[in-house]
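Spelled out, the chains give:
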Amino acid sequence: MKITLVDYSGKGGIGHYTYFLYKALKEINTETILLTTKDFEFEKEEDIFDILPSHSKMKFKLFKGIIYTISLIKVFIFLSKRKGEIIHFHEIKIPLLEIPLFKILSRKKARIVLTSHNIFRAEARFFSPLLKKVYKQLDGIIFHSEANKEELFEQIEFKSAKMWKIIPHGDSRLMVNRDMNRKKARKILEIKEDRFVILFFGYIRKYKGLDILVNAISKIRLNFKNVFLLIAGKEIENFKKYKEMIKRLELEDFVQTYLYYIPNNEISTFFEAADVVVLPYRRIFQSGVIHLAFAHSKPAIASNLGGIPDLVINGKTGYLVEPGDPHLLASAIEKFLHLSEEKRVQMGINGKTLSEDFFSWKNSAKKTLEFYKDCLLYTSDAADELDGVDLG
């Protein structure tokens, strides 16, 4: 089966996901290729084509839009020369451009599949009509959780049944630097050994709720003086308001920031330095950060949103918190702090075991390949009989 995976980012969460899926698929289907960007983070292989322009260093949306348009044209030209049976996308960025691309590719007998990592942008205030039209064009949709699937089907009424499958996000064990440990990491980051380190990791965007976490830290420090916040990730929005908040709450000596994109070879430094990873998101559908935490045997305290409850199990792998409330978040972190060190460590071990046992890339690739076959086999009429059925 000729499979083409398309990755417009080349780095970050979706870039990592696409690469590891490619690697796992390649082992069971040799005719799998990956289209990615020129600043691709991983080692290039024979069937990885870094032909797409990079937009990661561009700040203005207009320029990013132009680069993305060029990417779509390059994808079309490439796929016109190499006819594929399955073309698997992982992002919808500009529906106005994707609608004609998907229509043309479908005419060439290719099946268009999308992994809906985020069913729509977390910053978006509503589900746009154009985005709905893109979803209706797809031959198959992969979700990471039942919650995400239900939300999409509440938003869109499909005239004919849509092929779909729930395939969990794969684990992050391949991102772990085995040579890194807590002592080394804290020495590199100059963090004292007696600090209790809370890690906020990833792109800094409004919906990720960093302000909620900073407020929670100010409350926690009334009872736990050794609490320390480590922030690592590129600022997508201006960090100035967070800096002012940290200063106003007199937390400057208890917060450390690394405001740049964290490359693969530095990821383990931050996770090994941490005691717990906190995801105070206002809105999210799934998160690869939790898999990174579990790969490093770190528990997670996260908002009870989307597919997160599939990973964060209260009292076993971390704690779930209702989103948007710094008081509730502070209470959950304090609850974790009150545990014995043995119990906190065991939570991290539980997370690692869960991630490796139930979210392996081998299983994800196998289920994905089965779904591709279903998409090729069934017409929309046949799919009507399968509506509402997870084809796993």
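Up top you'll find the structure we're talking about.
A brief structural summary. Position labels on residues start from 1 in each chain and follow its written sequence. In view of the model being predicted, local features appear only for residues whose pLDDT reaches at least 70, and side-chain atom pairs are presented and counted only at 80 or more, with totals across whole chains, interfaces and linings using the full set of residues. Calculated side-chain values reflect all of the structure's heavy atoms, with hydrogen atoms and water omitted.

Remarks on unusual backbone geometry
The backbone of Glu250 shows a phi angle near 55°, a positive value even though the residue is not glycine. If you trace the backbone, Glu250 turns up in the loop between helix 8 (240–248) and strand 10 (255–258). Judged by relative accessible area, Glu250 falls into the exposed class, the value being 65%. In this structure, Ser297 is a non-glycine residue whose phi angle is positive, near 60°. Strands are runs of DSSP state E lasting at least 2 residues, helices are runs of H or I lasting at least 4, and numbering of each runs from the N terminus. Relative accessible area decides the class of each residue, using a 1.4 Å probe on protein chains only: under 20% of the type maximum gives buried, over 50% gives exposed, and in between gives partly exposed.

What to know about the packing of aromatic side chains
Where two aromatic rings form a pair, the distance of their centres and the angle of their planes describe that pair. Classification of ring pairs rests on two measures: the distance between centres of Phe, Tyr or Trp rings, Trp counted by its six-membered ring, which must be within 6.5 Å, and the angle between planes, read as stacked under 30 degrees, edge-to-face over 60 and tilted in between. A complete count under the given rule lists 20 aromatic pairs for this structure. Between Tyr8 and Tyr68, the aromatic rings sit 4.8 Å apart at their centres with planes inclined by 75°, giving edge-to-face as the arrangement. In this pair, Tyr8 sits in the loop between strand 1 (3–6) and helix 1 (12–28) while Tyr68 sits in helix 2 (residues 61–81), placing the two residues 60 residues apart along the sequence. Here the two residues Tyr8 and Tyr68 agree in accessibility, since each one is buried. Each ring, one from Phe89 and one from Phe102, has its centre 4.9 Å from the other, and the planes form 50°; the classification is tilted.

Comments concerning a nonpolar patch on the surface
Together, Leu62, Phe63, Ile66 and Ile70 make up a nonpolar patch on the protein surface, roughly 380 Å² of accessible area in all. Topologically, Leu62 is positioned in helix 2. A patch consists of residues exposed above 30% relative accessible area that lack any salt bridge, with like charges linked at up to 9 Å and nonpolar side chains (Val, Leu, Ile, Met, Phe, Trp, Tyr) linked at up to 5 Å. Only the protein chains shown count as cover for residues, and the accessible areas themselves come from Shrake-Rupley with a 1.4 Å probe. Should a side-chain nitrogen of Lys or Arg be within 4 Å of a carboxyl oxygen of Asp or Glu, the pair is scored as a salt bridge.

Points about empty space enclosed by the protein
Here the term cavity refers to a set of points on a 1 Å grid, laid over the protein atoms alone, in which a 1.4 Å probe fits but cannot get out; the term pocket refers to an open set having protein on both sides within 12 Å along at least five of seven lines, with lining residues being those that place an atom within 4 Å of a point. Grid points are joined across faces, edges and corners, and a volume is the space filled by probe spheres set on the points. Inspection of every chain in the model, using the stated rule, returns three cavities of 30 Å³ or more. The computed volume of the largest cavity comes to approximately 110 Å³. Lining of the largest cavity is provided by His144, Ser145, Pro168, His169, Gln286, Ser287, His291, Gly307, Ile308, Asp310, Leu311 and Phe359. Each residue belonging to the lining of the largest cavity can be placed in one class, and the counts come to four nonpolar, seven polar and one charged. Residue type decides the class: Asp, Glu, Lys and Arg count as charged, Ala, Val, Leu, Ile, Met, Phe, Trp, Tyr, Cys and Pro as nonpolar, and the leftover types, Gly among them, as polar.

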